[in-house]
Amino acid sequence: MKRVVSVLLALWAAVMFASTALAAEREGAFSVSPFIGGYTFDGTQHLDTAPVYGVRLGYDITRHIGVEAVSDFLYTHHTRSGNSQKMLSYRLDLLYNFMPDGPFVPYVAVGGGGLTYGGEGIEINGKNTDATANIGLGLKYFITDSIALRGDARQLFVLEDPNPPKYNWEYSLGLSFLFGGSKPAAAQAVAAPAPAAAPAAAPAAEPVVPAAPAPMAVLKVIPASVGASQPATLAWSSRNAQKCELQPGIGPVQPEGSMTVTAATDTEYTLTCQGAGGKATAAAQLQVAPVQASPAASTAKSGREQAGMTMTVEFATASAEIAAGYQERLREVARYLKEHPETRGVIAGYTDSVGPDWFNAALSGRRAQAVKTFLVKQAGVDPARLSSKGYGSSSPVADNATTDGRQKNRRAVVTITLKGK
């Protein structure tokens, strides 16, 4: 065991001085994490603490949430009989990263799997397998944008039916190597102009004053496309500017900030910033799509009027929570349903292409159900007139390779049609 501790300390020291670059978790990244550590058994098992060796294969669904497949091996001895035992552990864990921006990323983990062991004194075909569950904490320290030093401690529950559970401990140190994923945009560094040196041959001349740096302005609207009466967020920043102004209809603003706006029609917002080095402008377009209502005369024998409506609700990454800006529009849909009792509502949920299919299928279903629940509980619609279903990442309406495209694909679509159609 002393040799294991020495190896862990040497690994820690080597990596700490390898690089000073810092990085963070990134959405969509795959990781390979070899590790070495120790494994301590429940006292009732009468087994020696032993070195453990293993590897983790992970995927970051988002910068906060990841999954890992873990396998490790150890070789130990019975404290009474001296018989040797070999053990192979395998499990699937779910991780939550608390501060994904790094360089220090603490996390919690929970999961389950199995423990297969064999050797001297094992009577059932020389091998036995028990189910396991685990919970624990860990810390990653990014030393480059794709390599992190990692420490991990787990409490493992070995379920030896019909015997009581055994409480074992696993603690390890290793490295994580990240591949792919979406890297955060790097901050643009603006170099300050070097002051001009005064001419050596003319000490009496006036000193050369460096030119004032030109200002910069950046303006974004999030999301870039909304429905009627739906709010959007204007976010802006500037450099080398003393005053800024937003138009139309807003006026002077701080050099950096954000605000919520609601537009009735398509609107182009312009940010104008002034400084000692001149003036800079930036523009962002907000597209407003009105709620589509298309009543039409029915050709059915009953002579009833067919009424129709569609509405889209967009969601944040990995979320099924309805934003406040959509709630009034959903109440409009509810009023429409109540005014047209011959109609029904069909709600379809979708996701972007980030993440595994099983995760996106479940998330899209939760989004469709969230809209149905709001219409029933908050707006008083009869649940028998509504149906909901999730379709995962199928049927994208925009390019999943862009941020705006992924935002538009994270949606639930409400379609109001005549009953029986």
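In what follows, the accompanying structure is described. (Residues numbered from 1 in each chain as written. Predicted model: local features only at pLDDT ≥ 70, side-chain atom pairs only at ≥ 80, totals over all residues. Heavy atoms only, no water.)

Focus on a nonpolar patch on the surface
Here comes step 1: A cluster of nonpolar side chains, Phe30, Val32, Val55, Leu57 and Phe179, forms an exposed patch at the surface whose accessible area comes to about 450 Å².
Here comes step 2: Taken together, the elements giving at least two residues each to the nonpolar patch come down to β1 (30-40) and β2 (50-60).
Here comes step 3: Positionally, Leu57 belongs in strand β2. (Patch = residues over 30% accessible without salt bridge, like charges linked within 9 Å, V, L, I, M, F, W, Y side chains within 5 Å. Areas by Shrake-Rupley, 256 points an atom, 1.4 Å probe, with all protein chains shown as cover. Salt bridge = Lys/Arg side-chain N within 4 Å of Asp/Glu carboxyl O. Helix = DSSP H or I, 4+ residues; strand = E, 2+ residues; numbered from the N terminus.)

A closer look at the state of the cysteines
Here comes step 1: Following the criterion strictly, the structure yields one disulfide and no others.
Here comes step 2: At a sulfur-sulfur separation of 2.2 Å, the disulfide partner of Cys244 is Cys273. Across the disulfide from Cys244 to Cys273, rotation about the S-S bond amounts to roughly 115 degrees, and the bridge is consequently right-handed. You can see Cys244 sitting in strand β12 (residues 243-247) and its partner Cys273 sitting in strand β15 (residues 267-275), a full 29 residues away along the chain. Per residue, the accessibility class of Cys244 equals that of Cys273, and both read buried. (Disulfide = S-S within 2.5 Å. Buried < 20%, exposed > 50% of the residue type's maximum accessible area, 1.4 Å probe, protein only.)

A word on helix α2 (residues 324-339)
Here comes step 1: Here α2 contains 16 residues, and its C-alpha end-to-end distance of 24 Å stays within 8% of the 22 Å for a straight helix at 1.5 Å per residue.
Here comes step 2: Where α2 is concerned, the buried positions are Gly325, Tyr326, Arg329, Leu330, Val333, Ala334, Tyr336 and Leu337. Buried residues of α2 fall within an arc of 165 degrees about the axis and therefore sit on the same side. Facing away from the buried surface of α2 by more than 90 degrees, the exposed residues are Ala324 and Glu339.
Here comes step 3: On its buried side, α2 packs onto β10 (225-227), β18 (309-314), β19 (343-349), α3 (357-378), β20 (386-390) and β21 (411-418). (Expected span 1.5 Å × (residues − 1). Arc of directions from axis to C-beta. Contact = heavy atoms within 4.5 Å.)

Structural notes on the pattern of salt bridges
Side-chain pairing between opposite charges can occur once the charged atoms of the two side chains come close.
Here comes step 1: Enumeration according to the criterion identifies twelve salt bridges in this entry.
Here comes step 2: Among the salt bridges present, the one from Glu170 reaches Arg91, with a minimum N-O distance of 3.2 Å. Of this pair, Glu170 sits in strand β8 (residues 166-179) while Arg91 is found in strand β4 (residues 84-97), placing the two residues 79 residues apart along the sequence. Across this residue pair, the class does not change: Glu170 and Arg91 are buried.
Here comes step 3: Taking the shortest distance from any N to any O, the salt bridge between Arg154 and Asp93 comes out at 2.6 Å. Of the two residues, Arg154 is situated in strand β7 (residues 147-159) and Asp93 in strand β4; the sequence distance between them amounts to 61 residues.

A word on the sheet that holds strand β11 (residues 232-239)
Here comes step 1: Spatial ordering of the open sheet is given by β9-β11-β14, a layout of three strands whose pairing is antiparallel. Sheet topology places β9 (216-222) and β14 (257-261) at the edges, where each strand pairs with a single neighbour. Neighbour to neighbour, the strand axes of the sheet diverge by 20 degrees on average, direction disregarded.
Here comes step 2: Across five bridges, the pairing between β11 and β14 is antiparallel. Its bridge partner lying in β14, Ala232 is registered against Val261. (Pairing = 2+ DSSP bridges. Axes fitted to C-alpha atoms, helices over the stretch in contact; angles between N-to-C directions.)

A word on unusual backbone geometry
Here comes step 1: A cis amide bond links Ile222 with the next residue in sequence, Pro223, at an omega value of -10 degrees.
Here comes step 2: At the junction of Gln247 and Pro248, the peptide bond is cis and its omega measures out at 10 degrees in the coordinates.
Here comes step 3: Mapped onto the fold, Pro248 is located in the loop between β12 and β13 (251-253).
Here comes step 4: In this structure, Asn240 takes a positive phi of about 60 degrees despite not being glycine.
Here comes step 5: Relative to the helices and strands, Asn240 is located in the loop between β11 and β12.
Here comes step 6: Within the chain, Ser395 stands out as a residue other than glycine whose phi angle is a positive 55 degrees.
Here comes step 7: As for its position among the elements, Ser395 is in the loop between β20 and α4 (403-409).

Some details on the packing of aromatic side chains
Here comes step 1: Inspection of every chain in the model, using the stated rule, returns seven aromatic pairs.
Here comes step 2: Each ring, one from Phe157 and one from Tyr167, has its centre 5.7 Å from the other, and the planes form 90 degrees; the classification is edge-to-face. Taken together, the residues span a long stretch of sequence, with Phe157 in strand β7 and Tyr167 in strand β8 at a distance of ten residues.
Here comes step 3: With a relative accessible area of 24%, Phe157 lands in the partly exposed category.
Here comes step 4: Here Trp358 and Phe359 contribute two aromatic rings whose centre-to-centre distance is 6.0 Å and whose plane-to-plane angle is 90 degrees, an arrangement assigned as edge-to-face.
Here comes step 5: Trp358 sits in the exposed class, given a relative accessible area of 57%.
Here comes step 6: Residue Phe359 is classed as buried on the basis of its relative accessible area, which comes to 15%.
Here comes step 7: For the cation-ring pair, Lys140 lies above Tyr107, with the distance from its terminal atom to the ring centre recorded as 5.5 Å.
Here comes step 8: We note Arg411 situated over the ring of Tyr350; from NZ or CZ to the ring centre the distance is 4.0 Å. (Phe/Tyr/Trp six-rings, centres within 6.5 Å; stacked < 30°, edge-to-face > 60°. Lys NZ or Arg CZ within 6 Å of the ring centre and 35° of its normal.)

Here's the deal with the side chain of Asp130
Here comes step 1: Structurally, the position occupied by Asp130 is in strand β6 (residues 127-142).
Here comes step 2: Buried charge Asp130 goes without a salt bridge, the closest partner of opposite sign being Lys166 at 7.8 Å.
Here comes step 3: Aside from chain neighbours lying at most four places away, what touches Asp130 is Gly113, Gly114, Leu115, Tyr117, Val158, Leu159 and Glu160. (Lys, Arg positive; Asp, Glu negative; His and termini not counted.)

Some words on the nonpolar core
Here comes step 1: Of all hydrophobic cores here, the largest spans 23 residues; its most connected members are Ile322, Leu330, Val371 and Leu375.
Here comes step 2: Secondary structure elements with two or more residues in this core: β18, α2, α3 and β21.
Here comes step 3: In terms of residues, this core owes the most to one element, α2, which gives six residues.
Here comes step 4: Sequence-distant contacts of Leu330, defined by excluding residues within four places in its chain, comprise Met311, Val313, Ile322, Val371, Phe374, Leu375 and Val414.
Here comes step 5: Within the second largest apolar cluster, 21 residues are counted, among which are Leu219, Leu234, Trp236 and Ala263. (Core = buried A, V, L, I, M, F, W, Y, C linked by side-chain atoms within 4.5 Å.)

Structural measurements only, silent on function.
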